[in-house]
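# Structure at a glance
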Amino acid sequence: MSEVLENIFSPGGILDDRLDSYCFRSSQLEMAELVETAFDQRQNAIIEAGTGTGKSFAYLAPAMLRILDDPRRKIVVATSTITLEKQLYEKDIPFLSDALGFDEEVAVLFGRSNYACIARYRELEEQNPLLGEEGSGGLAALGAWIRKTVTGEKGDIADAGAMRNFVLVASDEKTCRGPKCPYYLECFYFKARRNAMKARLLVTNHHLFLIDGKHRAECSIPFDEDAILPSYDAVILDEAHHLESEATDVLSDSYSLAGVERALDFLLAKDSKLSCSILEHMSVYERIKGTTRIAMDEIRRTLGDAKQFDERLTILLGATGQDDILFDENSFSRYRSALSEGEAVAAELAELSTRLAGLHVAENIPDEDQLHAQNIARAAESLSYLSDTLRSFIRFGDFDRRIAHAQGVRNADYELTLSPMEVGPILRTVVLDNISSAIFCSATLSLDRSFEFFKGKLGLDKDTLEGVFESPFRYKENLMLLLPRDGIAYRNDMSEEYVEYTASAIKEAILYSGGGALVLFTSRKMLEEVHARVSEMLPDFVLYRQGGGMSRNALLGRFKKEEDSSLFATSSFWEGIDAPGNTLRLVIIVKLPFQVPTTPIYQARCTHIEKEGKFPFLELTVPEAAIRLKQGLGRLIRSENDKGIVIILDSRILQKSYGRLLLSSLPECYCPEDAAIDNLGSKIEHFLY
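A brief report on the enclosed structure follows. From a predicted model like this one, the values you see are computed outputs, not experimental measurements.

## Concerning the packing of aromatic side chains
Applying the stated rule across the entire model yields 22 aromatic pairs. Ring plane angle 80° and centroid distance 5.4 Å describe the contact between F223 and Y232, whose orientation is recorded as edge-to-face. Look at Y232 and you get buried, because its relative accessible area is 3%. Between Y670 and F687 the ring centres are 6.4 Å apart and the planes differ by 25°, which places this aromatic pair in the stacked class. Highlighted residues: Y670 in the loop between helix 27 (659–664) and helix 28 (680–688) and F687 in helix 28, separated in sequence by 17 residues. For Y670, a relative accessible area of 38% gives the class partly exposed. You can call F687 buried: its relative accessible area is 11%. Just above the ring of Y184 sits the side chain of R194; from NZ or CZ to the centre is 5.2 Å. Its guanidinium or amino end placed over the ring of Y490, K591 lies 4.9 Å from that ring's centre, counting from NZ or CZ.

What follows is the structure in structure tokens.
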């Protein structure tokens, strides 16, 4: 099959023939061959592909060829963002399908809440006779969009008013009647699911991929059968640097009063269509007369006891003055007696779950009431989960494998959570051991060309194939890295001096670049302070800042539209920005992106590393900062013609021994040794203009 890949990617090949802008990149062909080898040998592979490699085509082409070669093959492509999902499904896959003669079923599947529900829209239409009128603002735009949309997917909405009102019609499991709904055959969500189940190449997201694996493990569903995702035997995980964080979220279990209330409140609340509560309405189908009344009394009692337990817990945990609390062996022993009071609540939740699950005679429920029966059954399942989670938390003792922590929610209450210490062993058990190949790829996975850090986090074995494919862009010519030799090293005890220093340096840099700057911070407080000072010093420049009232997308849109504007932003802008051309010509990194070990999960993992006789700063903090720094630099050079400058103001990168690792993980670029604060402006002006 390698000859086929050469025919696709080589000069004069299929892509060269069909793309006027095509440029042969040996790294793209080599990556495609590595993906092919992983499929052939039924192995996993880790791939770092620099910006401009063309990694999407490099993994899609061998995936399509594999499916064509083996009629039993189904492959899932999962990524971290809807934007990339849509690009793959709407642009890259159609182009390659046409070029390669790939006529197999392809589908894309988003999370349920991303699809409009036709039934909810019809109800909204009945309640609002002005829905289609121009004067109804966003509702009119929403109605116009629903009447013409093919996918019903909210990412296709262009109108801001329609987007704001989308929540009113978003698909929701609690209101879904499934096959009993009169709009079932035209339902956007179920059409997407039906297409997904038929697909041999499915595009989805990391969250659904992980939820599917967890669901299969809990319900013993093999991978050759359909579950949340269809059956599949190989997966390509793009943007894989997000996987550990996303897996931690999916594989965590949480209990909160809010969760109990979500499961129960709607059962007791008066339904506008029924003129009574759902439980009262469904009492005619009860197995034993009078059990509905007993269940309603138990719900009220359980809610009351759960609130009482929550109040006592909130007072106890609130006394710490912390929103996020890590329970280690010592602190857990102090709280155990108070937590043990929740045993009674856990028992009540379990008993109520059993009561609700067996409340009705299923065969006697007519179609129009099946939805209510389903929602009562879902409430029973939720209560069983909450009971098990609360009981597990109260009795917790395995501090080496799981992390017990509490997080403040709703300004007062606390959510109790058990998270995995390491996601790798679980990920292997629920997914990797059950499929032939998993391809992990991203532009930022290696440290000094080594994948050991990434492999350790995801528990990948020594047999995993590896490949680092450099960007074809000319970084040495087009990217200048400025590290002021006389800069200041960030220290917490000199923040005022550091703010003054960074504000002055940023002002100078933006002045000489003429704008077009992305200024990246790790602290919102520092961002606001520095932005205010620079705005005073540069009154004629357009300086946007994150948190100024505009959404992320609106900020990006304005920044990209106004070529000489600058944007001050924090963590969410360290990646995911694509602004090729002169719009972005300067990236300023104010402080090295070290994660402060204040979050419970990060604290626990640092402690776990210490127990193993290692140093968490070197084993975890520095490697993660290196990856983050790499992502920040990746915002700048997005095309072959892009030219720009990166300034790192935090001089710890020069003064500390770990700075060598941080620098060695960056692309090789032009880095003048004589860079200093007083010559930043001249160097910027000379390089750009």
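Once the structure has been displayed, the description carries forward.
## Digging into the packing of helix 21 (residues 495–513) against helix 22 (residues 524–537)
The axes of two packed helices give the description: the angle between them and the distance between them. One can describe the packing of helix 21 onto helix 22 by two numbers: an axis separation of 9 Å at closest approach and a directional angle of 45°. With respect to their mutual orientation, helix 21 and helix 22 come out oblique. Regarding helix 21 and helix 22, the two cross each other, and that crossing is right-handed. Residues E496, Y498, V499, E500, T502, A503, S504, I506 and K507 of helix 21 lie in contact with helix 22, whose contacting residues are M526, E529, V530, R533, V534 and M537. Here the residues of the contact of helix 21 with helix 22 sort into eight nonpolar, two polar and five charged.

## Structural notes on the pairing of strand 10 (residues 402–409)
For strand 9 (residues 324–327) and strand 10, the ladder comprises four bridges, and the chain directions are antiparallel. For D324, the partnering residue across the bridge sits in strand 10 and is Q407. By the bridge criterion, eight bridges tie strand 10 to strand 11 (residues 413–420) in an arrangement that is antiparallel. Counted as the bridge partner of I403 is S419 from strand 11.

Parameters and conventions
- Residues numbered from 1 in each chain as written.
- Predicted model: local features only at pLDDT ≥ 70, side-chain atom pairs only at ≥ 80, totals over all residues.
- Heavy atoms only, no water.
- Phe/Tyr/Trp six-rings, centres within 6.5 Å; stacked < 30°, edge-to-face > 60°.
- Buried < 20%, exposed > 50% of the residue type's maximum accessible area, 1.4 Å probe, protein only.
- Helix = DSSP H or I, 4+ residues; strand = E, 2+ residues; numbered from the N terminus.
- Lys NZ or Arg CZ within 6 Å of the ring centre and 35° of its normal.
- Axes fitted to C-alpha atoms, helices over the stretch in contact; angles between N-to-C directions.
- Parallel < 35°, antiparallel > 145°, perpendicular 65-115°, else oblique.
- Left-handed = near helix turned anticlockwise from the far one by under 90°.
- Contact = heavy atoms within 4.5 Å.
- Nonpolar A, V, L, I, M, F, W, Y, C, P; charged D, E, K, R; others polar.
- Pairing = 2+ DSSP bridges.

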